[in-house]
Structure formats: C-alpha cells, structure tokens
Amino acid sequence: MNMSKKTKNICTAILILVAVILITLFDNDVIGNAYIKRVLNLAAIYAIISVSMNLVNGFTGMFSLGQAGFMAIGAFTVAVFTVPAESIPSIFYIEPMAPWLAAIRLPFVVALLVGGLIAAVLALIIGYPVLRLKSDYLAIATLGFSEIIRIVFTQMQTITNGALGIKCIPGITTMWVPFGAAAICIGIMVLLINSSYGRAFKAIREDDIAAEAMGINLSFHKNLSFAISSFFTAIAGGLFASLLTAVDPKQFYFTLTYNFLLIIVLGGMGSVTGTIIASFIITGGLEWLRFFDEPLSVMGYNIPIFRAGLRMVVFSLLLMILVLFYRKGIMGQKEFSWDGIYNWIMKVKTRLSRKKGGA
Amino acid sequence: MDRQVLGVNDVTMQFGGVVAVNNLSLHVNEGEIVALIGPNGAGKTTAFNVITGVYAPSNGQVVFKDNVISSNYPHGKFRKKYLGEQETMDKYSVVKSMTPDKITKLGVARTFQNIRLFKNLTVFENVLIAKHMRSKANFLSATFRLNYKEEKQNRDETMELLKILGLDDVKDEVAHSLPYGKQRHLEIARALATKPELLLLDEPAAGMNPQETVELTQFIKKIKDDFNLTVFMIEHHMDLVMEISDRIYVLDFGKLIAEGTPEEIQNNQRVIDAYLGVQQDE
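Parameters and conventions
Residues numbered from 1 in each chain as written. Chains lettered and ligands numbered in written order. Predicted model: local features only at pLDDT ≥ 70, side-chain atom pairs only at ≥ 80, totals over all residues. Heavy atoms only, no water. Helix = DSSP H or I, 4+ residues; strand = E, 2+ residues; numbered from the N terminus. Rg over C-alpha atoms; globule rule 2.2 N^0.38 Å. Buried < 20%, exposed > 50% of the residue type's maximum accessible area, 1.4 Å probe, protein only. Contact = heavy atoms within 4.5 Å. Areas by Shrake-Rupley, 256 points an atom, 1.4 Å probe, with all protein chains shown as cover. Lys, Arg positive; Asp, Glu negative; His and termini not counted. Charge placed at Lys NZ, Arg CZ, Asp CG, Glu CD. Polar contact = N/O pair within 3.5 Å; in protein donor to acceptor, adjacent residues only side chain to side chain. 1 Å grid on protein atoms, 1.4 Å probe; cavity = no way out; pocket = protein on both sides within 12 Å on 5 of 7 lines; lining within 4 Å. Points joined across faces, edges and corners; volume = space filled by probe spheres on them. Nonpolar A, V, L, I, M, F, W, Y, C, P; charged D, E, K, R; others polar. Axes fitted to C-alpha atoms, helices over the stretch in contact; angles between N-to-C directions. Parallel < 35°, antiparallel > 145°, perpendicular 65-115°, else oblique. Left-handed = near helix turned anticlockwise from the far one by under 90°. Buried area = accessible area lost by both parts, 1.4 Å probe. Salt bridge = Lys/Arg side-chain N within 4 Å of Asp/Glu carboxyl O. Patch = residues over 30% accessible without salt bridge, like charges linked within 9 Å, V, L, I, M, F, W, Y side chains within 5 Å. Core = buried A, V, L, I, M, F, W, Y, C linked by side-chain atoms within 4.5 Å. Domains from an automatic or database assignment. Phe/Tyr/Trp six-rings, centres within 6.5 Å; stacked < 30°, edge-to-face > 60°. Lys NZ or Arg CZ within 6 Å of the ring centre and 35° of its normal. Expected span 1.5 Å × (residues − 1).

Q: What am I meant to see in the overall build of chain B here?
A: When its secondary structure is counted, chain B shows 11 helices and 11 strands. A globule of 282 residues ought to have a C-alpha radius of gyration of about 19 Å, and chain B, at 20 Å, matches this closely. Along the longest, intermediate and shortest principal axes, the C-alpha atoms of chain B span 70 × 45 × 35 Å. Sorting the 282 residues of chain B into buried and exposed places 55% on the buried side. Within chain B, contacts between residues at least 6 apart in sequence are counted, and of these 69% link residues at least 24 apart. In the structure as shown, chain B presents an accessible area of about 13200 Å², 51% of it carried by carbon and sulfur atoms. Counting 33 positive and 38 negative side-chain charges, chain B places the averaged centre of each group 10 Å from the other.

Shown next as structure tokens:
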C-alpha cells in the first residue's frame, strides 16, 4: 500500500505551505500572542539542539551529555560580540570588559558562526581523548566538560561578566530567524545523515568492531560527528541568547542537557522527525502544565499539593509512563513518511471495520 | 604463483598470564585457500584478531604483501612477564600496529565468528558502507551532494555485487530479519565490497547444516575465482576444510603442531592426538 509520488509531493507542499502561513500569521500578530510566539521560538531552537544531540547519541551511538556546555559557548559568543558598544559600560559595572574584546563588534549571523566554530574546535580538542570512552564513561566525561565550561564562564569576569551575565543582547524580532535557522541547520544535518558519512555513523552505532573492519576510521568519524553536533548546538545556543536577550552561566547548568535527552528519548533515538515533534511537545508541555504550579482552591479549600514545583512532578510522571510503555519513543528509528501515515490510517480503518463486523 | 601475500612471523599474543598464541609462524601465498584448524580454545580467532589489527601482538610481526601491519617485541615492563618462546624475543625491534581500518584499506577483509552485521540497516546499506572507505569526498562535499557521481558509482557497484552473490532480491530487507545462512552470505558480501586481496573467514560454516555447508563450499570456490582472492579461513567442518584447502595449519594450545596438504594432515599423528586425545596407559 503506497501513495503515488505525486500525491506525496502535494502533501509535502501543503504541509510546508501551512507552516509558512502559520508562521506569517503569528509573526504579524494575527493569531496568538507574545507568549505563544516565545514558546514556539524556544521549541524551534530546542529542535536544533536536540537533532544535533541525536546526531551523536542516536546516529553515532555515543552517549554524550555535553550539550549545555556547547550551548553556553554559542550563547556567550553571541552575547559578547553583539552587545551594543554603548551599553557595555553599564553591563560590565564591576569590572570593565577587556578592551580588545569591546573593540570587536560583530553582526549577529557572524557571531553565531564564530560561536559554532569555537564550539567545534573545543569539541575536537576534548573529543580526541574522550571519545575513546564508551557509554556511561563518555557521558560522565562530557557532563564534566559542560560543567567546566560553565564554571570557566562564571570566572571570566572581564569577558563574560562572570555570574552577573550579559544583558541587553539585541533580540530576535521575527519568528523567521529561529524557524529559518532550524530549517537550515536540521536540513544540513539530514543531508549529512543520508550521505555516506551518515551511513558510516550508523555503522559505528550498530557495531563499532565491524565498522572498523569495514575500513571506517573510528576516531575520525566519532570526532567528526561530535564536532558537527557541537557546531549546531552552539549556533542554537546563540539563538537562545538572542531570544532571551540575557544570558548568565547559571542557565547552562547540566540539568539543561537532560531536557534535550528527554526530547530525543521521547522522539526516538535515531529519528530526526521524531526529535522535532518531541521538542515541540516537551517545550509546549512544560509551559502548558504550568497551571499545576499555581495554587488551586476547590470550594474555598486550598489544595496543598498545588504549589510551585508540582509541574515538574507531573511532567516526570508522564515521562516515566512514556518510557515504560513507549520505550522506543514516538518514532523509534523510523522517519516520518506519508506512506507511514497512510498505512497507519488504513490499519486503524480496518481495525474499526472489523470491530463493527464482529459486533 | 608463489608470491607471499600474508606472513605471520613468530607471533605471540599474551593476555596477562595466558599465552593465547605462542610463536606462530605461517604464510599464505597468492591464490591459495589456506585453512587454520584446531580444537576449541586453540587460539585461532586470536590469531585472526592479531592479523586484522584488533590486538597488537606481544611479540612478532605480521606482514601483508610488502607492508608491515604490526610488529612488536616484549619491552619495558612486559619483558619480565613474557611467557612466549624466549629465543624470538629480540628478533624484532620495531613497534608498530596499524588500526583495523587501515589494514582493511590495504586489502585485507574479514568476517566474524559470531555474525556482526549492521543489524538495523538494510542489506544494501550494509554492503554500501564498505564503499565509504575508498570514497574521496570529504564530509562537506558529501553533505551537499557534490560527490553524486562517486555516490552513484558506489551504488551501482554495490548493486552489481549483490546480483553476483544472489542477494539482490533481499536488498531492501533489514539485515537482522534475514535467515541465518543469508546473514553469513551478507557478511561475506560486505567483506568483498571492500575490494580485498586477502579474505579472512572466521568459521564461515558455523551453525550450518550439511546441505548449507556444501553450498558454502561452492560459494567460496566461486568467489575466490570471480574476485581473484586469496582465502585464509578458520573452520571446524572437516568436509569443507579437506575439500577446498590447498594447505592446512593446525593449532593446539596456541602452538602450531602441523602444517601440510589435507592428506598429510589427515595422517598426522600429532593432529589426531590433539583432536582425539592421547591414550595414557600403553
């Protein structure tokens, strides 16, 4: 049971058109409000980070938890280089910014790319010794690295303004920036995954000994995947800084990485489309469940468990249920396809009609 | 015809106090089918792992054509603990060990005793991965499809190979869903896709019934002629070994106890003793 190629193309075109129309409507404040826009922007940025994390964890099969650190690199690069020169003295009021740094002001896009490159180079430097490790050990090493980055940023008073962070970063004015960046970054990663290098990554995931016997240089390919992942994570980190217009090292605590881990586990390790869907569900879900944090009174009686923090409890419970019953996540290792949807609808249809026939 | 392809010289592989392979020397000439046999735990697979670079030997040298693949001698803290043949200890002074991927690139391909396919990838992808090693594209040109000519050529070659080996009808199936015999074939196909000169087969007939073994015998002969290969294999099925090998090496407790043509091996008393045991009271 397959759809013809023409119908598939039409369906894809319709989907893209709907997305474009929706973004345009949101952007011009026809529908939604600033809050929804912000959540959607955040979800798009999280999608970039999660897909790049999936490139390492789901496609190359390395358990890396350094995402928050690389995000911090990107965020601070954008923050440091794009803060307007006139507001630097008021931000760096304890210790002034290093003069050589204050002299360099970069456009937003250039700063994003510089942040990505710095992250990629750092990833190569730590990747060379660290990527020989496997599974849990690699996770601990990369987690440690992300903490080191955070602490270093807290200490570099003249560059990152230390624990005070940097404010007044020029913000993102249109939804096209995060969504466009997401489309480009994820598009490039999908192209990479489907190229012969992507196949080599998958081979390493499936069986590294056999991959090496097939002539795949393990250390080179692992480092490559790690560096590319860090590059895109840092770019998303830069967008994140620009979206929030303020960064401080505390935001990049290692628990931030777990958000992305949740997204890729929920979406499916080794599925790009699953990851994108999951990043919207998780980012949206975290916001939607906010009503649990507010006090609730029923008939004048204040229910005591409804207080700040319950949201995370409920969220964790939902995730536990999900991991118990949907171990492979939404998509597993599959990708979204119109055939898949079509077959699924057909399956449901036949099941329904069979039920009717039986009764 | 007598050009040496593979030379294993005085190789000892020691794991702590266990000497898995002890002073093994053997050679494989161009165009031969050579078998390595021996009882369980004799060190055959360890010998294969040394040849393919999974382990660096404790002593000795492995040569493929004119390239030294790995070479080592017991030095430093390993010298005191060395348990292999003492007289070959100082013969090699070079320390070198190539990684498995470089050895594969030189033209040595192998299969594994317990099948190691890329389980969740399709048959076609499994074989196509072997082409990655020789493709010249860097990751940027591969990402942006600037290497489409090379990619198309790789795909065509893979398809051709699958047709020759009779796997084209299952090319879109996921590797782990194949029946056992086909999985073995696929592993050999994948090794052939690396364009090897020397093919190392680690128990290709393990777990096969007599009928399948006969088919495999034909298959090995066929690929040897079609692809101009030299074959070196470990095998337990004596029918297969005796039928196709030109020469046989016999290992027991890490030591080489016999070598020769199938007839010589069949009549060798030490080999019979190693397999059947020695009668004590005589």
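Following the structure, the description resumes.
Q: Just checking my understanding: could you explain the side chain of N223 of chain A for this structure?
A: All names here are of chain A. Relative to the assigned elements, N223 resides in helix α12 (residues 218-244). With a relative accessible area of 9%, N223 lands in the buried category. A distance of 3.4 Å separates a polar atom in the side chain of N223 from the backbone nitrogen of Y128. Setting aside anything within four residues of it in sequence, one finds N223 in contact with L124, G127, Y128 and L131.

Q: What exactly am I supposed to notice about the layout of surface pockets here?
A: Any empty space left between the atoms is revealed when a probe the size of a water molecule rolls over them. Taken as a whole, the second largest pocket encloses approximately 590 Å³ of empty space. Lining the second largest pocket are 29 residues, with E212, L218 and S219 of chain A together with T99 and P100 of chain B positioned closest to its centre. When the residues that make up the lining of the second largest pocket are grouped by side-chain class, the tally is 12 nonpolar, 9 polar and 8 charged.

Q: Just to check I follow, could you spell out the packing of helix α14 (residues 272-288) of chain A against helix α15 (residues 310-325) of chain A for this structure?
A: When two helices pack together, their arrangement is given by the angle between their axes and by how far apart the axes lie. Residue and element names in this part refer to chain A. One way to put it is that α14 packs onto α15 with a least axis distance of 10 Å and a crossing angle of 140°. With respect to their mutual orientation, α14 and α15 come out oblique. Of the two possible hands of crossing, α14 and α15 adopt the one that is right-handed. Between α14, through I282, G285, L286 and E287, and α15, the contact on the second element is made entirely by R311, M312 and F315.

Q: So what exactly am I meant to see when it comes to the interface of chain B and chain A here?
A: Contact with chain B, which involves 31 residues of that partner, is made by 27 residues of chain A. Approximately 2600 Å² of surface area, both sides summed, lies buried where chain B meets chain A, with 64% of it carried by carbon and sulfur atoms. Counting the contacts that link chain B with chain A gives 2 salt bridges. The shortest N-O distance in the salt bridge between R199 of chain A and E151 of chain B comes to 3.1 Å. For the pair chain B and chain A, the interface holds 10 residue pairs in polar contact (both at pLDDT 80 or more). Among the secondary structure elements, those contributing two or more residues to the side of chain B that touches chain A are α3 (100-106), α4 (123-129), α5 (139-143), α6 (148-164) and α7 (180-192) of chain B.

Q: Hey, could you run me through a nonpolar patch on the surface in this one?
A: Nonpolar side chains collect at one region of the surface, where I10, I14, L17, V18, I21, L22, L25, V30 and I31 of chain A lie side by side and expose about 750 Å² of accessible area between them. As for its placement among the helices and strands, I31 of chain A is situated in the loop between α1 (5-27) and α2 (34-59).

Q: Would you explain the nonpolar core in this entry?
A: Nonpolar side chains in soluble globular proteins generally cluster together in the buried interior. Ranked by internal contacts, the top residues of the largest apolar core, which has 96 residues, are I48, I166, V247, F252 and F260 of chain A. With 13 residues, α12 of chain A is the largest single contributor of residues to this core. Setting aside residues no more than four positions away along its own chain, I166 of chain A makes contact with F76, A79, V80, V83, I91, F92, I159, T160, N161, T245, A246 and V247 of chain A. L117, F118, V127 and L201 of chain B belong to the second largest nonpolar core, which has 59 residues in total.

Q: Just checking my understanding: could you explain the packing of helix α3 (residues 67-82) of chain A against α12 of chain A for this structure?
A: All names here are of chain A. Look at α3 against α12: their axes get within 6 Å of each other, and the N-to-C directions meet at 50°. What the angle tells us is that α3 and α12 run oblique. Note on packing geometry: the crossing formed by α3 with α12 is right-handed. For the pair α3 and α12, contact is made by Q67, F70, M71, G74, A75 and V78 and by F226, S229, S230, T233, A234, G237, G238, F240 and A241, respectively. The residue makeup of the contact of α3 with α12, split by class, is 8 nonpolar, 7 polar and no charged.

Q: Honestly, the domain arrangement of chain B in this entry has me stumped. Any pointers?
A: In many reports, interface size means the accessible area that the parts give up when they come together. Residues and elements named next belong to chain B. Considered domain by domain, chain B is made up of domain 1 (1-107 + 198-282) and domain 2 (113-195). Taking only C-alpha atoms, the centre of domain 1 and the centre of domain 2 are 28 Å apart. Facing the 18 residues of domain 1 at the interface are 14 residues of domain 2. Regarding the contact of domain 1 and domain 2, the summed buried area is about 1500 Å², with carbon and sulfur atoms giving 69% of it. Three residues, K105, F219 and F227, lead the burial of domain 1 against domain 2; their summed loss comes to 32% of the area buried on that side. The interface formed by domain 1 and domain 2 includes 0 salt bridges. Linking domain 1 with domain 2 are 6 residue pairs in polar contact (both at pLDDT 80 or more), by the criterion used here. Sorting the residues of the side of domain 1 that touches domain 2 by element identifies α3, β8 (198-202) and α8 (210-226) as the ones contributing at least two each. Ranked by the residues each element gives to the side of domain 1 that touches domain 2, the list is headed by α8, at 5 residues. In terms of residue class, the side of domain 1 that touches domain 2 is made up of 10 nonpolar, 3 polar and 5 charged.

Q: Before we go on, may I ask you to explain the packing of aromatic side chains in this structure?
A: For any pair of aromatic rings, geometry is given as the distance between the ring centres together with the angle between the planes. All names here are of chain A. Under the defined criterion, the tally for this structure stands at 13 aromatic pairs over all chains. Between the aromatic rings of Y46 and F260, the centroid separation amounts to 5.0 Å while the plane-to-plane angle is 85°, which identifies the pairing as edge-to-face. With Y46 in helix α2 and F260 in helix α13 (residues 255-267), this pair connects stretches of sequence that are 214 residues apart. Under the relative-accessibility criterion, Y46 is labelled buried at 9%. Members of the aromatic cluster, joined through ring pairs, are Y46, F76, F153, F240, F252 and F260. Sitting above the plane of the Y128 ring, R132 keeps its charged end 5.3 Å from the centroid.

Q: Looking at this model, I keep getting lost on helix α7 (residues 135-155) of chain A. Mind explaining?
A: Structural remark: α-helix, 3.6 residues per turn; residues separated by three or four positions point the same way. Residue and element names in this part refer to chain A. Its 21 residues place the ends of α7 31 Å apart at the C-alpha level, agreeing with the 30 Å of an ideal helix rising 1.5 Å per residue. If you check which residues of α7 are buried, you get L138, A139, T142, L143, F145, S146, E147, I149, R150 and F153. In this structure, the buried residues of α7 make contact with α3, α6 (108-130), α8 (157-160), α12 and α13.

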